[in-house]
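Chain residues, written in single-letter form:
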Amino acid sequence: MAQWTSAMGAAQLARLLNSQQERPAGPGTRRPPAYRALADGIRLLVLEGRVPVAARLPAERELALALSVSRTTVAAAYEALRTEGFLESRRGAGSWTAVPAGNPLPARGLEPLPPEALGSVIDLGCASLPAPEPWLTRAVQGALEELPPYAHTHGDYPAGLPALRSMIAERYTAAGIPTMPEQIMVTTGAMGAIDAICHLFAGRGERIAVESPSYANILQLMREAGARLVPVAMAEGLSGWDMDRWRQVLREAAPRLAYVVADFHNPTGALADEDQRRRLVDAARSAGTVLVADETMTELWVDEEYARSMPRRVCAFDPAGSTVITVGSASKAFWAGMRIGWVRAAPDVIRSLVAARAYADLGTPVLEQLAVNWLFSTGGWEQAVEVRRAQARENRDALVAAIRRELPTWEFEIPKGGLTLWVRAGGLSGSRLAEAGERTGVRVPSGPRFGVDGAFEGYVRLPFTVGGAVAEEAAVRLAAAARLVETGGTGGAEAPRTFVA
């Protein structure tokens, strides 16, 4: 049985290879042979995630014609990639991309740094901000006032508190998406929602299409559920999805589920436009794929231009509710410690999710549900999220300025919302940077954690969750880590200074 999960056409691969900017050779530098340059180009595309791992490559003759080179050149390049572990082949099945066994793979999600370590280590691993006060305290106080009637019940509400389900449904309806409470299930965070959806729709061995890169914790959740992940490369820059690739994957791989973050994508910050959303829903419907739209970043636009011009939500293009399942959460827009999420789906899907929950966590804590309901019903949510946007904007600008000053060769585009920068680390290994950062006192996740099977080695994700002097110090420590990587760890490193925000 073939080991590839998607296919790369000759013309498409040729376009990607031609888009690579070749560095000018220095004085006395010899150009590599044509086959070596081709092999290096394909290897770089795999490591950057622009060509997914487990993607079938075109036949030698087809690629030779597309690139206007000899078949011998392509054959030699493929052989070099096989030798290095970046290509696997089987007679009758073709050749598909791979990552060498020795390369670091994303083994876990992104665990928060213990609070006691924050004095000496700057944590850029967790994309979460401190709680917006006084709104957290007021919400908990409001919840305590509403708690007594619920305390006289058993406290188990598998679908969520009726008051909160109604409030969430009203918010969707106000956004132009008519929704009934029966279409809502409250969960323990967005992770709890997606875990429940995966177990209902995608049993062990089922294919799930995911953006490449995508959110590390969700990828790990799906791996542990036994899913076969099918990566779909993002479009260039912050322009959202590559719809040609999505249509091809949905048509050829026929995944049971597809998971996407349309609004200020984690980690890239990309924002899909309305046409992309419409076309993706249509493609998923045609393929019989259930599309899971993660909306945890939807309200975190940072630049004012999006105050009234955000694209309509993905579920707005699925009026019958047969294709799109929406996941929302209070954790990113409000506070990660508020573990309240929700699912919006067709009523029969919600009933199935609720029934399956009896064998999982039974329900979500009542007090936290009451706190979120207080925020929604009093206008406190809008005021708290506005504070959150201002924090993110200030932190983003401070981090961008510091990185540009300390690490001018690192490349990124500035997102208009969300909480993360997706950074090409000047030709350095993201995994080695993460390791060196532990020595210089800054914690940063490497690119491969956000890819499938080791892609994005040349990237790191930098959340703009720190600002001011802390952001400047983080950039200084990252620059020190970069120097360690460049010198092979022989350049020496000062012990990180204790730094209190």
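Residues numbered from 1 in each chain as written. Predicted model: local features only at pLDDT ≥ 70, side-chain atom pairs only at ≥ 80, totals over all residues. Heavy atoms only, no water.

**Describing helix α15 (residues 430-440)**
Each turn of an α-helix holds 3.6 residues, which means side chains three or four residues apart point in the same direction.
Then comes step 1: Within the span of α15, buried status applies to G430, S431, L433, A434, A436, G437 and T440.
Then comes step 2: Backbone geometry just after α15 places G441 at a positive phi near 90°. (Buried < 20%, exposed > 50% of the residue type's maximum accessible area, 1.4 Å probe, protein only. Helix = DSSP H or I, 4+ residues; strand = E, 2+ residues; numbered from the N terminus.)

**So, the pairing of strand β15 (residues 459-463)**
For a regular strand, side-chain orientation follows a simple rule: the groups alternate between the two sheet faces.
Then comes step 1: Of all the five residues making up β15, five are buried; the element is thus mostly covered by neighbouring parts of the structure.
Then comes step 2: Of the two faces of β15, the one lined by Y459, R461 and P463 and the one lined by V460 and L462 are each fully buried.

**A short note on the packing of aromatic side chains**
Then comes step 1: As enumerated under the stated definition, the model contains eight aromatic pairs in all.
Then comes step 2: Within the aromatic cluster, the residues linked to one another by ring pairs are F334, W342, F376 and W381.
Then comes step 3: Its end group placed over the ring of Y172, R344 keeps NZ or CZ at 5.8 Å from the ring centre. (Phe/Tyr/Trp six-rings, centres within 6.5 Å; stacked < 30°, edge-to-face > 60°. Lys NZ or Arg CZ within 6 Å of the ring centre and 35° of its normal.)

**So, the confidence of the model for the chain**
Then comes step 1: When pLDDT is averaged across the chain, the result is 88; 91% of the residues are at 70 or more.
Then comes step 2: Contacts for the low-pLDDT stretch residues 23-27, under 50 throughout, to residues beyond four places or in other chains number zero contacts.
Then comes step 3: In this model residues 497-501 is a low-confidence stretch, pLDDT under 50, and it forms 13 contacts with partners more than four residues away in sequence or in other chains. (pLDDT = per-residue confidence, 0-100. Contact = heavy atoms within 4.5 Å.)

**Things to note about the pattern of salt bridges**
Then comes step 1: Enumeration over the complete set of coordinates arrives at 23 salt bridges.
Then comes step 2: For D40, the salt bridge identified is with R43, shortest N-O distance 3.6 Å. Here D40 and its partner R43 are both found in helix α2 (residues 34-48), three residues apart, which amounts to about one turn of the helix.
Then comes step 3: Judged by relative accessible area, which is 25%, D40 ranks as partly exposed.
Then comes step 4: A salt bridge links R396 to D397, with the shortest nitrogen-to-oxygen separation between them at 3.2 Å. (Salt bridge = Lys/Arg side-chain N within 4 Å of Asp/Glu carboxyl O.)

**Comments concerning the nonpolar core**
Then comes step 1: W246 and L462 are the most contacted members of the largest nonpolar core, which has 96 residues in total.
Then comes step 2: With residues up to four places along the chain from it excluded, the contact list for L462 reads L124, L399, I403, L419, T420, L421, V423, V444 and L478.
Then comes step 3: M8, L38, W422 and A455 belong to the second-largest nonpolar core, a separate cluster that totals 33 residues. (Core = buried A, V, L, I, M, F, W, Y, C linked by side-chain atoms within 4.5 Å.)

**A few points about the side chain of S95**
Then comes step 1: Position of S95 relative to the elements: it lies in strand β4 (residues 94-97).
Then comes step 2: At 2.6 Å, the side chain of S95 forms a polar contact with the side chain of S89.
Then comes step 3: Residues in contact with S95, not counting those within four places in the same chain, are A55, R56, L57, R82, L87, E88 and S89. (Polar contact = N/O pair within 3.5 Å; in protein donor to acceptor, adjacent residues only side chain to side chain.)

**Let's talk about the side chain of R277**
Then comes step 1: As for its placement among the helices and strands, R277 is situated in helix α11 (residues 274-287).
Then comes step 2: Every residue in contact with R277, bar those within four places of it in the chain, is listed here: W241, A262, D263, L271, A272, P311, R312, R313, V314 and F317.

**With respect to the packing of α15 against helix α16 (residues 468-486)**
Then comes step 1: Two elements in contact, α15 and α16, have axes whose closest approach is 8 Å; the angle formed by their N-to-C orientations is 120°. Of the possible angle classes, the one that applies to α15 and α16 is oblique. The hand of the α15/α16 crossing is right-handed. Note on element contacts: α16 touches α15 through R477, A480, A481, A482, L484 and V485, opposite R432, L433, A436, G437, R439 and T440.
Then comes step 2: For the contact of α15 with α16, a count of residues per class yields seven nonpolar, two polar and three charged. (Axes fitted to C-alpha atoms, helices over the stretch in contact; angles between N-to-C directions. Parallel < 35°, antiparallel > 145°, perpendicular 65-115°, else oblique. Left-handed = near helix turned anticlockwise from the far one by under 90°. Nonpolar A, V, L, I, M, F, W, Y, C, P; charged D, E, K, R; others polar.)

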